[in-house]
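The lines below spell out each chain.
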Amino acid sequence: MGIFSCGTLCQALLLLSLLNFPANASQIWEGTGRVISGVGKGGSVELRLEIDGEVVTSLSGPPLHGIIQTTPDLNGTIQTQTGTWYIEQCGEELCVNLQQHHPKQTIFYRLVPKNL
């Protein structure tokens, strides 16, 4: 086997090994929530979150930026200036409970992963 053949074979093996390890892509979760207590009780609201590694950021809805546990499931509590977020994976959905300070209200969201 010549030098060029070995180099080509090595490059092909390297590319194949890289394909077996997917990049840590961010996930988008979106859905609706219901105001279960406080101002606007009974109202419906939208939320869209991006989870990149362990970092959670809201793309729409109340402001959120924090860190949660991601293994074995998404799970955690995040304190922000606007309130306390309780995040837990519920099967195929993401259950999010927000205890918001201003306006004072509790919102429960059920989010699903967005198909990219």
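Report follows, based on the coordinates. All figures in this text were calculated on a predicted structure; none of them were measured in a lab.

Our next topic: the state of the cysteines. The term disulfide refers to a covalent linkage connecting the sulfur atoms of a pair of cysteines. Scanning the model with the defined rule gives one disulfide in all. Disulfide pairing places Cys90 opposite Cys95 at an S-S distance of 2.1 Å. Among the residues examined, Cys90 registers a relative accessible area of 27% and is labelled partly exposed.

When you line up the elements, Gly66 lands in strand β4 (residues 65-67). Look at Gly66 and you get buried, because its relative accessible area is 12%. Along the primary structure Gly66 and Val56 are separated by ten residues, whereas in three dimensions their C-alpha atoms are 5.3 Å apart. Residues in contact with Gly66, not counting those within four places in the same chain, are Glu54, Val55, Val56 and Ile78.

With that settled, consider the sheet that holds strand β5 (residues 75-79). The strand order across the open sheet built from eight strands is β4-β3-β2-β1-β8-β7-β6-β5, with neighbouring strands paired in antiparallel fashion. The sheet is open, and its two edges are formed by β4 and β5, each paired on a single side. Between one strand axis and the next, the sheet turns by 25 degrees as a mean value, whatever way the strands run. Pairing between β5 and strand β6 (residues 83-90): five bridges, direction antiparallel. Residue pairing in the sheet places Ile78 in a bridge with Trp85 of β6.

As a further point, take unusual backbone geometry. The linkage connecting Thr71 with the following residue, Pro72, adopts the cis geometry, with an omega of 0 degrees. Tracing the backbone shows Pro72 in the loop between β4 and β5. The amide bond that connects His102 to the next residue, Pro103, takes the cis arrangement and shows omega of 0 degrees.

Further remarks concern the nonpolar core. Ranked by internal contacts, the top residues of the largest apolar core, which has 18 residues, are Leu49, Val56, Ile87, Leu94, Val96 and Leu111. Secondary-structure elements contributing two or more residues to this core are β1 (27-38), β2 (44-52), β6, β7 (93-100) and β8 (105-113). Excluding anything up to four places from it in sequence, Ile87 contacts Val56, Leu64, Ile68, Leu74, Asn75, Gly76, Ile78, Leu94, Cys95 and Val96.

What counts, and at which threshold
- Residues numbered from 1 in each chain as written.
- Predicted model: local features only at pLDDT ≥ 70, side-chain atom pairs only at ≥ 80, totals over all residues.
- Heavy atoms only, no water.
- Disulfide = S-S within 2.5 Å.
- Buried < 20%, exposed > 50% of the residue type's maximum accessible area, 1.4 Å probe, protein only.
- Helix = DSSP H or I, 4+ residues; strand = E, 2+ residues; numbered from the N terminus.
- Contact = heavy atoms within 4.5 Å.
- Pairing = 2+ DSSP bridges.
- Axes fitted to C-alpha atoms, helices over the stretch in contact; angles between N-to-C directions.
- Core = buried A, V, L, I, M, F, W, Y, C linked by side-chain atoms within 4.5 Å.

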